[in-house]
Amino acid sequence: MTAFRKCHFFLVVVSLLSFTTNQARLTLNPSSSQLFEGESVSLSCEEENSSAGWTLRRNTSRDTRAECGVDWGISTGSFCNLSVTVSWDSGVYWCESREGSTSNRITITVTDGAVILQSPVLPVMEGHDVSLHCQTKSPPSKLPADFYKDGSLIRSEPTGHMTIHHVTKSDEGLYKCHISSHGESPPSWIYITEIPTTTTQPISADTNLYTPTPPAPTSFHLVFRLVLHLVVFCPYLISTVLMVSLYRHRPTGNELPVSMVMTSPTMSEWGLDDDYDDVTTEHHF
């Protein structure tokens, strides 16, 4: 039974690793971290293979882990729609599977003010450009705006539009904007994702050639290796246990299964006839 329990344990580990490889990605339309009250928004759990089995949840000032279609919004398959947003819809949103896996998290701010900052709702990769728009509620217009990062003024733009070129990790922070005679937007955090670094090793000092370091194994490769070990190890373990069990239950005792009688060899077996006569040698003097 020990062998079967070990194999069952390996199967459980494989299934858990498989769940981690099927991560969902939460997207937002329109893709803006700030909204005016009364605007509509649609959220979606996107998965590489299928969107089934994922639930949209949120944490706000009024609820915790609230489920779309039950506590808020209208659920349609992998989509969740908010037709008319209000200020208490501000909060953190994410996708969650039945097994407990979670997607990326998105922070949405719904304001009843007159100014919002339109900024990326998803993390931005290093080296890309980031566009920021300072917008009034009605009517939307291109007015001069001041942009701030972590409370400090970055620059003033005459059209309310600012672009940060080739962002780095140092550009990550809390941004907001201000339009004179209209007001200030709520702050929003902009996330910057670092580019993965790879090291190289020289092959030959003479040729000056280099080879990249092999990448770290992915979850898929780990699962494949675990399954391979499972297929090879389990039959071997089970057969070993069976052999040990048969050995323990073998017949015991001092009696031999086949009786062996030791007989002394006969005269014929030594090559002598039964009518063998003694031979007397006479000596004549």
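This text follows the structure it describes.
What counts and how
- Residues numbered from 1 in each chain as written.
- Predicted model: local features only at pLDDT ≥ 70, side-chain atom pairs only at ≥ 80, totals over all residues.
- Heavy atoms only, no water.
- Core = buried A, V, L, I, M, F, W, Y, C linked by side-chain atoms within 4.5 Å.
- Buried < 20%, exposed > 50% of the residue type's maximum accessible area, 1.4 Å probe, protein only.
- Helix = DSSP H or I, 4+ residues; strand = E, 2+ residues; numbered from the N terminus.
- Pairing = 2+ DSSP bridges.
- Axes fitted to C-alpha atoms, helices over the stretch in contact; angles between N-to-C directions.
- Disulfide = S-S within 2.5 Å.
- Polar contact = N/O pair within 3.5 Å; in protein donor to acceptor, adjacent residues only side chain to side chain.
- Contact = heavy atoms within 4.5 Å.

Novice: Which residues make up the nonpolar core, and what values do they have?
Specialist: With 20 residues, the main nonpolar core has Leu43, Leu56, Trp72 and Ile108 as its most contacted residues. Among the elements of the structure, strand 1 (25-29), strand 3 (41-46), strand 4 (54-60), strand 7 (79-82), strand 8 (91-97) and strand 9 (106-111) are those that each provide at least two residues to this core.

Novice: Any details on unusual backbone geometry? Residues and values, ideally.
Specialist: Note the cis peptide between Asn29 and Pro30, where omega equals 5°. Its location among the elements puts Pro30 in the loop between strand 1 and strand 2 (34-36). The backbone of Arg65 shows a phi angle near 55°, a positive value even though the residue is not glycine. In this structure, Asp150 is a non-glycine residue whose phi angle is positive, near 55°. Note on placement: Asp150 falls in the loop between strand 13 (145-149) and strand 14 (152-157). Residue Asp150 is classed as partly exposed on the basis of its relative accessible area of 45%.

Novice: With reference to specific residues and values, describe the sheet that holds strand 3.
Specialist: Strand pairing in a sheet relies on backbone hydrogen bonds, with the paired strands running either antiparallel or parallel. Taken in spatial order, the four strands make up an open sheet running 1-3-7-6, and their pairing is antiparallel. Looking at which strands have only one partner, the edges of the open sheet turn out to be strand 1 and strand 6 (74-76). The mean inter-strand angle of the sheet, taken between neighbouring strand axes irrespective of direction, is 20°. Taken together, the three bridges between strand 6 and strand 7 define a ladder with antiparallel strand orientation.

Novice: Which residues make up the state of the cysteines, and what values do they have?
Specialist: Counting across every chain of the model gives three disulfides. Two residues share a disulfide in this structure: Cys45 and Cys95, whose sulfurs sit 2.0 Å from each other. Taking the sign of the S-S torsion, -105° for the link of Cys45 and Cys95, the bridge is left-handed. Of this pair, Cys45 sits in strand 3 while Cys95 sits in strand 8, and the two are 50 residues apart along the sequence. By relative accessible area, which is 1% here, Cys45 ends up buried.

Novice: Which residues make up the side chain of Ser32, and what values go with them?
Specialist: Its place among the elements puts Ser32 in the loop between strand 1 and strand 2. Looking at Ser32, its side chain comes within polar contact range of the main-chain oxygen of Gln34, at 3.0 Å. Ignoring any residue separated from it by four or fewer positions in sequence, one finds Ser32 in contact with Leu117, Gln118, Ser119 and Val121.

Novice: Quick one: what's the story with the environment of Gly53, residue by residue and with numbers?
Specialist: Following the sequence through the fold, Gly53 ends up in the loop between strand 3 and strand 4. When the C-alpha positions of Gly53 and Ser97 are compared, they lie 5.7 Å apart, and in sequence the two are 44 residues distant. Setting aside its immediate chain neighbours within four residues, Gly53 contacts Glu96, Ser97 and Arg98.

Keep in mind that these numbers describe shape and distance, not what the molecule does.
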